[in-house]
Structure formats: structure tokens, C-alpha cells
Amino acid sequence: MNLIGAIGLSFIIHMPILKAIISTTMFFPGDIIKTVIVAFIATKLQQTHIIKLAN
């Protein structure tokens, strides 16, 4: 998803693509944290049978 954002950033503000890709890397730590939190919540919901995840 960050690559798509970098392409959009490059196109909209006329930034070189490599610079745009580098500038979007600051979002990686937050994206990883959000992914871990969502995976944890989904696992807990599956254990309580509120949702059914594909195996």
C-alpha cells in the first residue's frame, strides 16, 4: 500500500519517485504495529467464536 501512496505522492506534488518511496518508509513502523494489533484482535475474536477466519 505504501508503494501506491508513493506513486500518488510523486505524481501529485511532482516529487522524484525514489524520494517519494523513501519518504513513505516512515509509515512502516505504524503499519506494522497496526497489523499486529488487528491480528491479535482477530485471533481473540475467533477464539470466542464471534468471527470465523478461513483456515
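This text follows the structure it describes.
Since the structure is predicted, the reported quantities are computational estimates derived from the model, not experimental observations.

S.K.: What should I look at first to understand the overall build of the protein chain in this one?
M.R.: Scanning the protein chain from N- to C-terminus turns up three helices and zero strands. Over its C-alpha atoms, taken along the principal directions, the protein chain stretches across nearly 50 × 20 × 15 Å. Going through the 55 residues of the protein chain one by one, you find that 13% of them count as buried. Here the protein chain has roughly 4800 Å² of accessible surface; of this, 78% comes from carbon and sulfur atoms.

S.K.: What exactly am I supposed to notice about the environment of T25 here?
M.R.: Looking at the element boundaries, T25 is found in the loop between α2 (17-24) and α3 (28-47). With relative accessibility at 35%, the residue T25 sits in the partly exposed group. Expressed as a C-alpha distance, the spacing of T25 and H49, which sit 24 residues apart in the sequence, is 36 Å.

S.K.: Please explain α3 as it appears in this structure.
M.R.: Under the 1.5 Å per step criterion, the end-to-end length of α3 is 29 Å for 20 residues, consistent within 8% with the ideal 28 Å. H49, located one to two residues past α3, shows a positive phi value of around 65°.

Thresholds, definitions, all that
- Residues numbered from 1 in each chain as written.
- Predicted model: local features only at pLDDT ≥ 70, side-chain atom pairs only at ≥ 80, totals over all residues.
- Heavy atoms only, no water.
- Helix = DSSP H or I, 4+ residues; strand = E, 2+ residues; numbered from the N terminus.
- Buried < 20%, exposed > 50% of the residue type's maximum accessible area, 1.4 Å probe, protein only.
- Areas by Shrake-Rupley, 256 points an atom, 1.4 Å probe, with all protein chains shown as cover.
- Expected span 1.5 Å × (residues − 1).

Treat this as a map of the structure, not an account of what it does.
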